[in-house]
Amino acid sequence: MQREAVIREPLILGHKTYHDVTEDVCKPIEDKAPRMWYVLFTIALVIGLYGVGSICYLLGTGIGVWGLNKTIGWAWDITNFVWWVGIGHAGTLISAVLLLFRQKWRMAINRSAEAMTIFAVFMAGTFPLIHMGRLWVGYWVLPLPNHFGSLWVNFNSPLLWDVFAISTYLSVSLVFWYIGLIPDFATIRDRAKKPVAKRMYSILSFGWSGKAKHWNRFELVSLVLAGLATPLVFSVHSIVSFDFATSIVPGWHTTIFPPYFVAGAVFSGFAMVQTLLLVMRKAMKLEAYIHTKHVEYMNIVIMVTGSIVGTAYITELFISWYSGVEYEAYAFLNRATGPYWWAYWSMMTCNVISPQLMWIRKLRRSLLFTFFISIIVNIGMWFERYVIIVTSIHRDYIPAAWSMHYPSHIDIAVYIGTIGIFFTFFLLFARYFPVLALNEVKTILKGSGQSYKESPDYHKNH
Amino acid sequence: MAEKIIYAMYGDDEVLKSSAKKLVSGGIKIAEVYSPFPVHGIDSIIGVKGTRLGIMAFLYGLTGLTLATIGMRYFMVVEWKMNIGGKPNFSYVENILAFIPVSFEFTVLCAAHGMAITYLLLNRTLPGMPAQNPDPRTTDNKFVLEIRLSEQTIAEAKIDELLKDTGFEELEKKITE
């Protein structure tokens, strides 16, 4: 058993035993769902179905139903894509990077953060697919000879790198998540009383029995997957930023993009984790496992990555002037003072100022304040992508081609719809899946549990 | 062949480890340990060797890298030299910068999935497989030592005696078909 300094706050509050951990996590799955769950699920489902309907209309009619024009060929679709991919960065960062750094507080949040990641990447993947207009030829992005001559997909293009990056990220995250879920499904299976539930969880748990050799392999597989997923997380958003950075559009053509996008992704991802977990811990009575200390740790990550993002904004501004390139300088002047000034200043306020408030201990330990800031950050990060994408292309080299972007109702419906689908998935996850990595939490119970830390034997060496 | 198996159940991982140590030093071979979470240190006590899955992951990764290199060289250099701005790819090495992202992604893809599939096959944990833990509580808060009599060199009475003061909560003897 590993011991830690007593002045560290315990990660599991109260007097919990191994059995209590199982009870606390499995109870919400076994009990009847509270009425609030049905209310939220219905709302999310209706919004999601509205989104699906809009997507069907879009596919049936054509991309013209979006508010795009010949100058602005990319707007809400790619903004939403980057926004969702960014949100999808927290889960794997928490479970992989924090595993490599041996941060034990990850165990309370990694399962739901990973679930969120997977659903967010699903939503992200929707946008490039529907932007093709003809969804049924989506497989053309795979390296197949071009129907059926000898021309292949272009491996020099960042858009194709994106295909590989996103699909690798999605499938590896899914595997990482599921391998962790197998032992927890086994726990639910062994407790299940109803035959249907028993059968379902029996299939889902793959016959896991908790043998010593299996656990031995489990730990190594988790470690190696974490080692693989860590550079993967950084590569994915770097490649997403290449979509812009390798072009010659003023405002996009900057080398700062990869690190700046990765920091922004972690920033927005943690904000979404905060939004979801602050509600979930209350609704599922998991306050003993996800408490103020966890929230504080996440707020510190938000503060650090928010500061990196803020520095990147200011660096961009400085370099646009310092480079002496007038097109570059105009792109940034136009962002701050042009017709989209409101988007620029919303972004600045939400992403640069709000995370700085986290320096105040009282604020970063306040759950209500955290919830508020997490929403602000999510809004700010959407505006960041909108500013980068739309304000850069709406006025480029030829003033005759300058234009404005006005979203159509389908633009809005598809975006809101993906939020609905995302919450539908997340609510289903919270209802039927163990939302806490319960078997992992048991391993830290003796080292970081409150009752163990307070017992007089804690310091004694055995 | 009928075989007699002893299951000793413990309620704490520390007790489990100390009693496993005691039994092993008494000459008993422990066939299996079932636990709700990874008990660190139990592997060396009962003689479970470290896994070589890490090596497998490396080999799968290497396979992925090789496949990506061969594939992209064929698509972009050999079969169709795509002409971009009047600059077709004449050699793979000179254009390698553009091929690094996909090489990396495909390496990770193959390493991760190859290892995950190998892991599931080795464990024999696949959809629809029956659970093998002797008691449903071993996935909750109990730890079970499995001792197979056919594997022992000492008599059953001696085993019972050694087991007696290891602090187990329940003891079960079972004869399998």
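Residues numbered from 1 in each chain as written. Chains lettered and ligands numbered in written order. Predicted model: local features only at pLDDT ≥ 70, side-chain atom pairs only at ≥ 80, totals over all residues.

I'd like a description of the overall build of chain A, backed by residues and values.
The helix and strand tally for chain A stands at 17 helices and zero strands. For a compact globule of 462 residues, the expected C-alpha radius of gyration is about 23 Å, and chain A comes in at 23 Å, within 12% of that figure. When its C-alpha atoms are laid out on the principal axes, chain A stretches across 75 × 50 × 45 Å. Counting over 462 residues, chain A shows a buried share of 51%. Put simply, 83% of the contacts in chain A that link residues at least 6 apart link residues at least 24 apart. (Helix = DSSP H or I, 4+ residues; strand = E, 2+ residues; numbered from the N terminus. Rg over C-alpha atoms; globule rule 2.2 N^0.38 Å. Buried ≥ 20, exposed ≤ 12 C-beta atoms within 10 Å, placed from the backbone. Contact = placed C-beta atoms within 7 Å.)

With reference to specific residues and values, describe the overall build of chain B.
When its secondary structure is counted, chain B shows five helices and six strands. Reading chain B from its N terminus to its C terminus gives the helix and strand order β-α-β-α-α-β-β-α-β-α-β. Taken over C-alpha atoms, the radius of gyration comes to 26 Å for chain B, far larger than the 16 Å a tight globule of 177 residues would show. C-alpha atoms of chain B, sized along the principal axes, occupy 85 × 30 × 30 Å. Contacts in chain B between residues at least 24 apart in sequence constitute 77% of all its contacts with a sequence separation of at least 6.

So what about the environment of Tyr169(A)? Which residues, and what values?
Residue and element names in this part refer to chain A. Turning to its location among the elements, Tyr-169 is positioned in helix H6 (residues 158–191). Along the backbone, Tyr-169 and Val-233 are 64 residues apart, and their C-alpha atoms lie at a distance of 7.4 Å. Filtering out sequence-adjacent residues up to four positions away, Tyr-169 remains in contact with Val-121, Leu-232 and Val-236.

Report on the confidence of the model for chain B, specifying residues and quantitative values.
Residues and elements named next belong to chain B. Per-chain confidence: chain B averages 85 in pLDDT, with 99% of residues scoring 70 or above. Within chain B, no element has a lower average pLDDT than strand E4 (residues 87–88), which sits at 76, and none a higher one than helix H4 (residues 96–123), at 92. The ipTM for the predicted assembly is 0.90, set against a pTM of 0.90. (pLDDT = per-residue confidence, 0-100.)

Help me get a handle on the sheet that holds strand E2 (residues 32–34) of chain B, residues and values and all.
Residue and element names in this part refer to chain B. Strand order in the open sheet formed by four strands is E2-E5-E1-E6, and the pairing between neighbours is antiparallel. Looking at which strands have only one partner, the edges of the open sheet turn out to be E2 and strand E6 (170–176). Within the sheet, the average angular offset between the axes of one strand and its neighbour, ignoring direction, is 20°. Pairing analysis gives three bridges linking E2 to strand E5 (residues 143–148), with the strands arranged antiparallel. Bridge pairing in E5 links Val-33 to Leu-145. (Pairing = 2+ DSSP bridges. Axes fitted to C-alpha atoms, helices over the stretch in contact; angles between N-to-C directions.)

So, the interface of chain B and chain A: which residues are in play, and what are the values?
Taken together, the contact between chain B and chain A spans 57 residues of the former and 52 residues of the latter. Put simply, the parts of the chain that give the side of chain B that touches chain A at least two residues each are E2, helix H2 (42–46), helix H3 (53–79) and H4 of chain B. Among the elements that make up the side of chain B that touches chain A, the one with the highest residue count is H4(B) (18 residues). Classifying every residue of the side of chain B that touches chain A gives 37 nonpolar, 14 polar and six charged. (Nonpolar A, V, L, I, M, F, W, Y, C, P; charged D, E, K, R; others polar.)

Got a sec to walk through unusual backbone geometry? Specific residues and values, please.
Residues and elements named next belong to chain A. Despite not being glycine, Arg-102 shows a phi value in the positive range, around 55°. Residue position: Arg-102 is located in the loop between helix H4 (90–100) and helix H5 (106–131). With 8 C-beta atoms counted inside 10 Å, the residue Arg-102 sits in the exposed group. Of note in the backbone geometry, Phe-206 takes a positive phi value of approximately 55° without being a glycine. Its place among the elements puts Phe-206 in the loop between helix H7 (195–204) and helix H8 (212–245). Take Phe-206: there are 23 C-beta atoms within 10 Å of it, and that puts it in the buried class.

Could you give an account of the domain arrangement of chain B, naming the residues involved and the relevant values?
Segmentation of chain B into domains returns domain 1 (3–49 + 133–176) and domain 2 (53–123). Centre-to-centre, using C-alpha coordinates, domain 1 of chain B lies 47 Å away from domain 2 of chain B. (Domains from an automatic or database assignment.)

I'd like to hear about helix H1 (residues 18–30) of chain A, residue by residue, with values.
Residue and element names in this part refer to chain A. For H1, which comprises 13 residues, the first-to-last C-alpha distance of 18 Å matches the rise-based estimate of 18 Å (1.5 Å per residue) to within 8%. A maximum bend of about 25° is found in H1 at Asp-24, where proline Pro-28 lies one to four positions downstream. Among all positions of H1, only Tyr-18, Val-21, Thr-22, Asp-24, Val-25, Cys-26 and Pro-28 are buried. Buried residues in H1 make contact with H6 and helix H16 (438–448). (Expected span 1.5 Å × (residues − 1). Bend = angle between axes of the 7 residues up to and from the residue.)

Describe the pairing of E5(B), with residues and values.
In terms of strand pairing, strand E1 (residues 3–10) of chain B meets E5(B) through six bridges, oriented antiparallel. Each bridged residue has a counterpart across the sheet, and for Tyr7(B) the counterpart in E5(B) is Glu146(B).

I'd love a proper account of the nonpolar core, names of residues and values included.
The biggest cluster of nonpolar side chains holds 180 residues, and the ones touching the most others in it are Val85(A), Val172(A), Val273(A), Val441(A), Ala112(B) and Met115(B). Here this core gets 17 residues from one element, more than from any other, and that element is H6(A). Counting contributing residues per domain, this core is built from domain 1 (3–49 + 133–176) and domain 2 (53–123) of chain B, each supplying no fewer than three. Beyond its immediate stretch of four places on either side in the chain, Ala112(B) contacts Val172(A), Val175(A), Leu225(A) and Leu228(A). (Core = buried A, V, L, I, M, F, W, Y, C linked by C-beta atoms within 7 Å.)

Summarise H3(B); cite the residues concerned and give the values.
Along its 27 residues, H3(B) runs 37 Å from first to last C-alpha, staying within 8% of the 39 Å computed at 1.5 Å per residue. Considering bend angle alone, the principal kink of H3(B) is centred on Arg73(B) and spans about 30°. All of the buried residues in H3(B) are Leu53(B), Ala57(B), Tyr60(B), Gly61(B), Gly64(B), Ala68(B), Met72(B), Phe75(B), Met76(B) and Val77(B). Buried residues along H3(B) sit against H8 of chain A together with H4 of chain B.

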